[in-house]
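Given next are the chains, with one letter for each unit.
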Amino acid sequence: MPAFDTIGIVGAGAWGTALANAAARAGRQVCLYTRDAQAAAAMAAQRENRHALPGIALDPRVTPTADLAQAAACDALLLVVPAQACRAVAQDLAPLIAPGTPVVSCAKGIERGSRAFITEVIAEAAPTAVPAVLSGPSFASDVAAGLPTAVTLASSEAALASALCDALGSSTLRLYFSTDVRGVEIGGATKNVLAIAAGIVAGRKLGASAGAALVARGFAELTRFAKAYGGRAETMTGLSGLGDLILTTSGPQSRNFAFGAALGSGAATPDKLAEGAFTAGVLVEMARARDVDMPVSAAVDAVLQHRLTVEGAIEALMARPQKAER
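Residues numbered from 1 in each chain as written. Predicted model: local features only at pLDDT ≥ 70, side-chain atom pairs only at ≥ 80, totals over all residues. Heavy atoms only, no water.

The name given to the protein in an unreviewed UniProt entry is Glycerol-3-phosphate dehydrogenase [NAD(P)+], with the source organism recorded as Xanthobacter agilis. In its Sequence similarities (unreviewed entry) section, the UniProt record describing the protein reads: "Belongs to the NAD-dependent glycerol-3-phosphate dehydrogenase family." For the protein, the Subcellular location (unreviewed entry) comment in UniProt is given as "Cytoplasm". (UniProt positions renumbered as here; feature names shortened; annotations may be inferred.)

Okay, structure coming up:
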């Protein structure tokens, strides 16, 4: 198994920049790709991504670039673009990467229309790549600054997952490896929708009791969905399931929580870039296809699609028939 001495980061937003610093801190040489040549030049000159992560210096081992081929030539790639953009970017990468190159999805979502998980998208769009996924409770600013963080990296090949964890792990970023690719993806995608619900509860000032109930019942939904689609129970109680759910529902530093809080308060226009807003509809469709009960996620989707008001969604959830807790 190669040492993965060079890491390509495809996507220079906050999370991509944070992962670039983390990989460099682990001793790797890193290419940080952005399609904006001016942005790449500015990052190289200023040694900072002032647009996405102001105040955080780029590690000396990070080389910003607008040349996708330069990033694609690295030993392993982290695909750090929004879930709905992954197919197009993977298609661009396909002719540039060497066969067998690991391409690690760092997006947290499900592709609309196809209902494909992102590793499935990578496998279809870049068939010579080896798909993997990285997910877990991690804010970009924490990781970029070198604050202690732990996440999960999953591949169908345990040896590859372990080697990638060795390549990316450091004294500030601990990676656990897994072969439960589907479970890790489901945790990341589902928790974003539930974070919107938690934000709505906070924005509506419904209280800490309601917030706790929402997280607990949301976790039950996440677990049911994962079981239906092949995820493992232990993955759901780990970093990429419960851990990420706790972080993402904890406050406005989470983009999805902030999106929900804006919906709940009615005081601001929600951030249209929140991944959960794109995932909610396809998540509910997939749940219905396998008869998985997901009332909280369905309520979020109904609010986003203007089928219910926030008040109507809350009333509908509270009026559901009594049942045993499971």
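When its secondary structure is counted, the protein shows 15 helices and 8 strands. Its C-alpha atoms give the protein a radius of gyration of 19 Å, near enough to 20 Å, the size a compact globule of 326 residues would have. For the protein, the proportion of its 326 residues judged to be buried stands at 54%. Sequence-distant contacts in the protein: of pairs separated by 6 or more residues, those separated by 24 or more amount to 71%. When the accessible surface of the protein is split by element, carbon and sulfur atoms take 55% of a total near 13800 Å². (Helix = DSSP H or I, 4+ residues; strand = E, 2+ residues; numbered from the N terminus. Rg over C-alpha atoms; globule rule 2.2 N^0.38 Å. Buried < 20%, exposed > 50% of the residue type's maximum accessible area, 1.4 Å probe, protein only. Contact = heavy atoms within 4.5 Å. Areas by Shrake-Rupley, 256 points an atom, 1.4 Å probe, with all protein chains shown as cover.)

Contact geometry for helix H9 (residues 208-228) and helix H14 (residues 295-304): axes closest at 8 Å, N-to-C directions at 100°. For the element pair H9 / H14, the angle class is roughly perpendicular. From H9, Leu214, Glu221 and Arg224 reach across to H14, where they touch Pro295, Val296 and Ser297. A breakdown of the residues in the contact of H9 with H14 according to their chemical character gives 3 nonpolar, 1 polar and 2 charged. (Axes fitted to C-alpha atoms, helices over the stretch in contact; angles between N-to-C directions. Parallel < 35°, antiparallel > 145°, perpendicular 65-115°, else oblique. Nonpolar A, V, L, I, M, F, W, Y, C, P; charged D, E, K, R; others polar.)

This brings us to the sheet that holds strand S3 (residues 62-65). Hydrogen bonds along the backbone pair up the strands of a sheet, which may run parallel or antiparallel. Spatially, S3-S2-S1-S4-S5-S6-S7-S8 is the arrangement adopted by the 8 strands of the open sheet, whose pairing is mixed. The two strands at the open ends of the sheet, each matched to only one other strand, are S3 and strand S8 (173-178). When the angles between neighbouring strand axes are averaged without regard to direction, this sheet yields 25°. The sheet contact formed by strand S1 (residues 6-10) and strand S2 (residues 29-33) spans 5 bridges and is parallel. Its bridge partner being in S2, Val10 is matched across the sheet by Tyr33. Sitting on the sheet, helix H1 (residues 14-25) touches S1, S2, S3, strand S4 (76-79), strand S6 (130-135) and S8, and the angle it makes with S2 is about 170°. (Pairing = 2+ DSSP bridges.)

Taken as a whole, the second largest pocket holds about 740 Å³ of empty space. As for the second largest pocket, its lining consists of 27 residues, and the residues nearest its centre are Leu214, Arg217, Val296, Leu317 and Met318. Contributions of two or more residues to the lining of the second largest pocket are made by helix H8 (181-203), H9, H14 and helix H15 (310-318). Considering each element in turn, the lining of the second largest pocket owes the most residues, 6 residues, to H9. By residue class, the composition of the lining of the second largest pocket is 19 nonpolar, 1 polar and 7 charged. (1 Å grid on protein atoms, 1.4 Å probe; cavity = no way out; pocket = protein on both sides within 12 Å on 5 of 7 lines; lining within 4 Å. Points joined across faces, edges and corners; volume = space filled by probe spheres on them.)

To continue, consider H15. Each α-helix turn comprises 3.6 residues. Residues three or four places apart therefore point the same way. Those residues of H15 that fall on the buried side of the exposure criterion are Val310, Gly312 and Ala313. All buried residues of H15 fall inside an arc of 160° around its axis, so they share one side. Relative to its buried face, H15 has exposed residues pointing more than 90 degrees away, namely Glu315 and Met318. Structurally, H15 contributes buried residues whose contacts are with H8, helix H12 (255-265) and H14. (Arc of directions from axis to C-beta.)

What follows is about the side chain of Arg28. Here Arg28 lies in the loop between H1 and S2. Under the relative-accessibility criterion, Arg28 is labelled buried at 14%. In this structure the side chain of Arg28 is engaged in a polar contact, spanning 3.1 Å, whose partner is the backbone oxygen of Ala26. Leaving out residues up to four positions away in the same chain, Arg28 has contacts with Ala3, Phe4, Asp5, Ile7, Ala23, Arg61, Asp166 and Ala167. (Polar contact = N/O pair within 3.5 Å; in protein donor to acceptor, adjacent residues only side chain to side chain.)

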